[in-house]
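Structure assessment
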Amino acid sequence: MTKQAIEKPDGFVGVEAQEQRIVPMRLQRFLARAGAASRRGSENLMTAGRVRVNGQVVTELGSKVNPLVDVVTVDGVKYSLSTAATFLMLNKPAGFLTTMKDPRGRSCVASLVPTKHYPGLFPVGRLDKDTTGLLLFTTDGQAAQNMLHPSKHVTKHYIALVEGIVLDEDLDCLRQGITLDDGPCAPAVCELVDMQSRQARPVVEQLQHTRVSRHNAKQASSLRQRALSVVRIAIHEGRKHQVKRMLEAIDHPVVCLHRQSFGPLTLGNLAVGSWRLLTSQELASLTKMGIQQ
């Protein structure tokens, strides 16, 4: 008796087809999907000799693995595609580098998040050493790449304390899309913020609590006596020092900078230097945006 073919609905993918779709794959892609690091970070892990496949160190970037069979470890920690990804946010204080390890021993954000409890955790993008606010961490390399990719248009809101008296019309060129030395910027959403408002508090307090050395005490004192303004700016690009360069271009250099939000994520009442896991609602919002699966 011949077996009758079973008609499958459109879009149906069986278990065998799913397995075939993920094997084999490049090792750096596997590491990014498993949450070891971003795609580029995974390549760095490999070339540094920190990745083993079935006990053997693999440094060649073109190497492939079978996620259903091969055992992949980074610094002795095993990774697999079935590992649930972790997402958390940190309210980054000033004075910390956005890196998981600094060869010069400087303070970095790795010391502020639970890396031992969540192996493979890494920051999504970066904030400058002197910039405070929302810094997202994850173990999902693909989600991190999605958050940073321009095609996703993930908006980031910043509060900037700047030198000088800023008039609303001064911000028009930013709203229209200012051109920097590396090309034109997309139009930004900008508004002035009352220095006494709650929104301005993070940058005002940062200025008040800035530690000053004997060498820059006079400069800091002079700065505090100058006219200052607070600007709220929203961008969806991620170029290096972009907000600082945009405000510098209109002759209002940034004194203090704070990131309020990253996409649908906001700090809320999270204390400076503290972290928390994302809520189920926040994770759902990322899924809805196509950031994570």
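Check the entry above for the structure.
Let me begin by describing the structure that accompanies this report. (Residues numbered from 1 in each chain as written. Predicted model: local features only at pLDDT ≥ 70, side-chain atom pairs only at ≥ 80, totals over all residues. Heavy atoms only, no water.)

1. Examining the pairing of strand 7 (residues 87-92)
Remark: a regular strand shows side chains that alternate across the two faces of the sheet. For the record, the criterion: Accessible area is worked out with a 1.4 Å probe on protein chains only. A residue is then buried under 20% of its type maximum, exposed over 50%, and partly exposed in between. The numbering of helices and of strands both runs from the N terminus, where a helix is a DSSP run of H or I of at least 4 residues and a strand a run of E of at least 2. A pair of strands is treated as paired once DSSP finds two or more bridges between them.
With six of six residues buried, strand 7 is to be regarded as a mostly interior element. Bridge analysis of strand 7 against strand 9 (residues 131-138) gives six bridges, and the strand direction is antiparallel. Opposite L90, over in strand 9, you have L135 as the bridge partner.

2. A closer look at the layout of surface pockets
Using the following cut-off: Cavities and pockets are found on a 1 Å grid laid over the protein atoms alone: a cavity is a set of points where a 1.4 Å probe fits but cannot escape, a pocket is an open set with protein on both sides within 12 Å along at least five of seven lines, and a lining residue has an atom within 4 Å of such a point. Grid points are joined across faces, edges and corners, and a volume is the space filled by probe spheres set on the points. As a working rule, the residues Ala, Val, Leu, Ile, Met, Phe, Trp, Tyr, Cys and Pro are called nonpolar, Asp, Glu, Lys and Arg charged, and the rest polar, with Gly in that last group.
Considering only enclosed or pocket space, the largest pocket measures out at about 1,500 Å³ in volume. As for the largest pocket, its lining consists of 49 residues, and the residues nearest its centre are S38, T98, F122, P123 and G125. Among the elements of the structure, helix 3 (39-47), strand 6 (77-79), strand 8 (122-123), helix 4 (141-148), strand 10 (156-163), helix 8 (242-249) and strand 15 (254-262) are those that each provide at least two residues to the lining of the largest pocket. Its residues assigned to classes, the lining of the largest pocket shows 22 nonpolar, 14 polar and 13 charged. Forming the boundary of the second largest pocket are 24 residues, of which N91, P202, E205, H258 and V272 lie nearest the centre. Elements represented by at least two residues in the lining of the second largest pocket include exactly strand 7, helix 6 (201-208) and strand 15. The dominant element in the lining of the second largest pocket, judged by the number of residues it contributes, is helix 6, at four residues. Here the residues of the lining of the second largest pocket sort into seven nonpolar, 12 polar and five charged.

3. As for the sheet that holds strand 6
Spelled out, the test is: Should any heavy atoms of two residues lie within 4.5 Å, those residues are considered in contact. Axis lines are fitted to C-alpha atoms, over the contacting stretch for helices. Their N-to-C directions set the angle, which ranges from 0 to 180 degrees.
An order of 3-2-5-6 is seen for the four strands of this open sheet, with the pairing classed as antiparallel. Of all the strands in the sheet, the pair left with one neighbour each is strand 3 (56-57) and strand 6. With three bridges joining them, strand 5 (residues 72-74) and strand 6 adopt antiparallel strand pairing. In the sheet register, V74 faces strand 6, and the bridge partner there is V77. Helix 2 (residues 27-34) contacts strand 2 (51-53), strand 5 and strand 6 of the sheet and is inclined by roughly 70° relative to strand 5.

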